[in-house]
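Observations on the model geometry
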Amino acid sequence: MMSLTSFALSFVLFSCVFAAADTAYSKLRFGPQSINLWRLDAREKVLLAAHPSVTPLVIQDTRNIGFSASPIASSQQLVKFPEQHFVQPIDHHNHTIGSFGQRYWVNTRHYVPGSGGPVIVLDGGETNGEDRIPFLDTGIVDILAKATGGVGVVLEHRYYGKSRPVSNLSTDNLRWLTNDQAAADSANFMANVKFCDIDEDLTAPNVPWIYYGGSYAGARSAHMRVLYPELVFGAIASSAVTHATLSNWEYYDVIRQAADPSCTAHIENTVKTLDILLEVPYLNPHVKGLFGLQNLEHDNDFMSVIETPLGYWQDKNWNPTIGSRKFDEFCEALNKPIFGAPDIVALPVGHEDHLLSLPGGHRIDVSILNYAQYIRESLVKRCLNLSMTVEECFGTYNDTAFLEATIDQDWRLWTFQVCTEWGYFFTAPPDPEHPRIVSKLMTMDYATKICQQAFPPGKYFTVPPLPNITAVNALGDFAIAADRLAFIDGDVDPWKPCTPHSVYGENREDTILRPFKLIPGGVHHYDENGLRNITDEPPEIQKIHYEMVNFVLEWLDDFEA
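**Some points on the state of the cysteines**
Structurally, a disulfide amounts to a covalent bond that connects the sulfur atoms of two cysteines. Per the stated rule, a full pass over the model turns up 3 disulfides. The residue that forms a disulfide with Cys-263 is Cys-331, at a sulfur-sulfur distance of 2.0 Å. Between Cys-263 and Cys-331, the disulfide has an S-S torsion of -75 degrees and is therefore left-handed. Placement of Cys-263 in helix H9 (residues 261–277) and of Cys-331 in helix H12 (residues 326–334) is noted, with a sequence separation of 68 residues between them. Among the residues examined, Cys-263 registers a relative accessible area of 0% and is labelled buried. Here Cys-419 pairs with Cys-451 through a disulfide, and the sulfurs are 2.0 Å apart. On the sign convention where negative means left-handed, the S-S torsion of about -80 degrees between Cys-419 and Cys-451 marks this disulfide as left-handed. Of this pair, Cys-419 sits in helix H16 (residues 411–422) while Cys-451 sits in helix H17 (residues 444–454), and the two are 32 residues apart along the sequence.

**Concerning the nonpolar core**
In this structure, Ile-236, Phe-291, Leu-293, Phe-327, Ile-375 and Phe-394 are the most contacted members of the largest nonpolar core, which totals 118 residues. For Ile-236, the contacting residues outside a window of four places in its chain are Leu-144, Ile-210, Tyr-211, Tyr-212, Gly-213, Ser-221, Ala-486, Ile-488, Met-548, Phe-551, Val-552 and Trp-555. Counting residues in each nonpolar core, the second largest holds 35 residues, with Tyr-111, Ala-184, Met-190 and Val-232 among its members.

**As for the environment of Phe-516**
Inspection of the secondary structure assignment puts Phe-516 in strand E12 (residues 516–519). The spacing of Phe-516 and Asp-489 is 27 residues in sequence and 8.4 Å in space, taken between C-alpha atoms. Filtering out sequence-adjacent residues up to four positions away, Phe-516 remains in contact with Phe-487, Pro-500, His-501, Asn-507, Arg-508, Glu-509 and Asp-510.

**Quick word on the confidence of the model for the chain**
With 86% of its residues at a pLDDT of 70 or more, the chain shows a mean pLDDT of 89. Predicted confidence is poor over residues 1–26, with pLDDT under 50, and the contacts of this stretch with residues over four places away or in other chains come to 82 contacts.

**Section: the packing of aromatic side chains**
Geometry of an aromatic ring pair is reported as the spacing of the ring centres plus the angle between the planes. Per the stated rule, a full pass over the model turns up 27 aromatic pairs. When the centroid spacing of 5.5 Å and the interplanar angle of 85 degrees are considered together, the rings of Tyr-251 and Tyr-252 count as edge-to-face. Residue classification places Tyr-251 among the buried residues on the basis of a relative accessible area of 0%. On the accessibility criterion, Tyr-252 (5% relative accessible area) is buried. Judged by centre distance (5.4 Å) and plane angle (85 degrees), the ring pair of Phe-291 and Phe-302 falls under edge-to-face. With Phe-291 in the loop between helix H10 (284–290) and helix H11 (299–306) and Phe-302 in helix H11, this pair connects stretches of sequence that are 11 residues apart.

**Things to note about a negative patch on the surface**
On the surface, Glu-554, Asp-557, Asp-558 and Glu-560 cluster together into a negatively charged patch. In this structure, Asp-558 sits in the segment after helix H19 (539–556).

**Focus on the packing of H12 against helix H14 (residues 367–385)**
One way to put it is that H12 packs onto H14 with a least axis distance of 8 Å and a crossing angle of 135 degrees. As judged from the angle between their axes, H12 and H14 are oblique. Across the interface between the two elements, Lys-326, Phe-330, Ala-333 and Leu-334 from H12 touch Ser-367, Asn-370, Tyr-371 and Tyr-374 from H14. The class makeup of the residues in the contact of H12 with H14 is 5 nonpolar, 2 polar and 1 charged.

**Things to note about helix H5 (residues 140–148)**
With 7 of its 9 residues buried, H5 lies for the most part within the structure. Just downstream of H5 lies Gly-149, where phi reads positive at about 70 degrees.

**Quick word on the pattern of salt bridges**
Within the structure shown, the criterion is met by 23 salt bridges. One salt bridge in this structure joins Glu-83 and Arg-103, with 2.8 Å as the shortest N-O distance. In this pair, Glu-83 sits in the loop between helix H3 (75–80) and strand E1 (84–89) while Arg-103 sits in strand E2 (residues 99–107), placing the two residues 20 residues apart along the sequence. Residue class for Arg-103 comes out buried when judged on its relative accessible area of 0%. Here Glu-329 and Arg-325 are joined by a salt bridge, their closest N and O atoms 3.7 Å apart. What makes Glu-329 partly exposed here is its relative accessible area of 24%. Using a relative accessible area of 43% as the deciding quantity, one classes Arg-325 as partly exposed. Overlapping salt bridges, with partners in common, bring together Lys-80, Arg-109, Asp-137, Asp-142 and Arg-532 in one network.

Reading the values: the criteria
- Residues numbered from 1 in each chain as written.
- Predicted model: local features only at pLDDT ≥ 70, side-chain atom pairs only at ≥ 80, totals over all residues.
- Heavy atoms only, no water.
- Disulfide = S-S within 2.5 Å.
- Helix = DSSP H or I, 4+ residues; strand = E, 2+ residues; numbered from the N terminus.
- Buried < 20%, exposed > 50% of the residue type's maximum accessible area, 1.4 Å probe, protein only.
- Core = buried A, V, L, I, M, F, W, Y, C linked by side-chain atoms within 4.5 Å.
- Contact = heavy atoms within 4.5 Å.
- pLDDT = per-residue confidence, 0-100.
- Phe/Tyr/Trp six-rings, centres within 6.5 Å; stacked < 30°, edge-to-face > 60°.
- Patch = residues over 30% accessible without salt bridge, like charges linked within 9 Å, V, L, I, M, F, W, Y side chains within 5 Å.
- Areas by Shrake-Rupley, 256 points an atom, 1.4 Å probe, with all protein chains shown as cover.
- Salt bridge = Lys/Arg side-chain N within 4 Å of Asp/Glu carboxyl O.
- Lys, Arg positive; Asp, Glu negative; His and termini not counted.
- Charge placed at Lys NZ, Arg CZ, Asp CG, Glu CD.
- Axes fitted to C-alpha atoms, helices over the stretch in contact; angles between N-to-C directions.
- Parallel < 35°, antiparallel > 145°, perpendicular 65-115°, else oblique.
- Nonpolar A, V, L, I, M, F, W, Y, C, P; charged D, E, K, R; others polar.

Right, here's the structure in full:
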């Protein structure tokens, strides 16, 4: 074992940089640090814009605010598929409120004139619709349009991107950001859109519309088939979170069980050790100091920073040009040789020779040093580069910091949906004896306080104390089902516990009429992206794409105008 003094001297010698620039993200995964990381990213963009020749030493992947890896639309794709606009009422229940332009993009390269469709529409979900254009070009929309001779469409979600019905994002102005209003947008679009350069009526139900969505939009896809069966001929719900929940602790448990065992052993041990040491007053500041966070006041803020890398898991993708290796790099960092002694790495967590002594008889596993260095280099350094304090960067108790409601504060959008209808607050397991890779300090009270901080009561709307998840679950929950409604999930997707493939749902038969498919090794909506030549895809992705083409073609054989 080594002393704390020798440890501290060696600690400062670490100098590896682990983070890489990558700011494409979607927003479903929402944790206590999500907004802070969004703001760091925004400040870095301002810095780069003002000083284009200056690059921050570390730019962190900020996708942890959201759901999963997404490709970024190229300038060529934006030219190839110009944006169009469809007029929607702000309130489908009161058209006197006003209207807005909902953006959409169309791919007609495969359409056979006079064939009568189909139309394949992809729900943009909780992100800028431009992020979904690659799926229109080489992903699932193009794959299905090519197979069917149909038209492909990406429809941007209200409030996201440039589909803005309001001038600011105050509590009152967000009151029309609901599941009901978004579904009504899609129905209105399907029933009334007129596509440019197509001199035919391709509205529903005159031609078959196949609705596709992934993740939150996957739930929308399933809901559309149930709510508007006369318009939605068929629907594909990928990684569809049809179960809204308050505590989403199972998210982390999927990662704990699916990740490399040596990595999760390091994480479990680090979290358990830190939870204990933070309760020792004379050690508390020193423990935080190892991570560069000695001036972060609240222990739960500190531990929420520590769990940030766990969100990288859902950014995995079979296509390395789209997916992120951040989680794997994090695990590699935890397994680094310590102090030039590679033999120590091979020892199990907790081995006598793997421990270092702290004052008061406490001992910690030396792998915590690697964890601390990763946090310092990938997160804390970002803060220092911007001349900010760690409290300014990672604190969550300054209520006034979350009140800005200008239109560019788009973190408020998914946060509002979380706080009003969807939930998915990330907490520790309810059973204190259950193995865990997050701190016991990740409580419901801590996770939900942002809802009252960011959204003070307005004149017309007040955010409820807890989200009304019944509004979502009443539409079918785990059991949601219909003919020509397909569910496709990944078996190591951290969101699987909120989908019909959850252990809480009943197992189903996989049929042509009601496909129910699980992708081996799949993470989050693994079927959504694709390659120009489908035969270049990995076998399991080729398989799911061919199966999707097959059941959609079978569905279309039954269409009667």
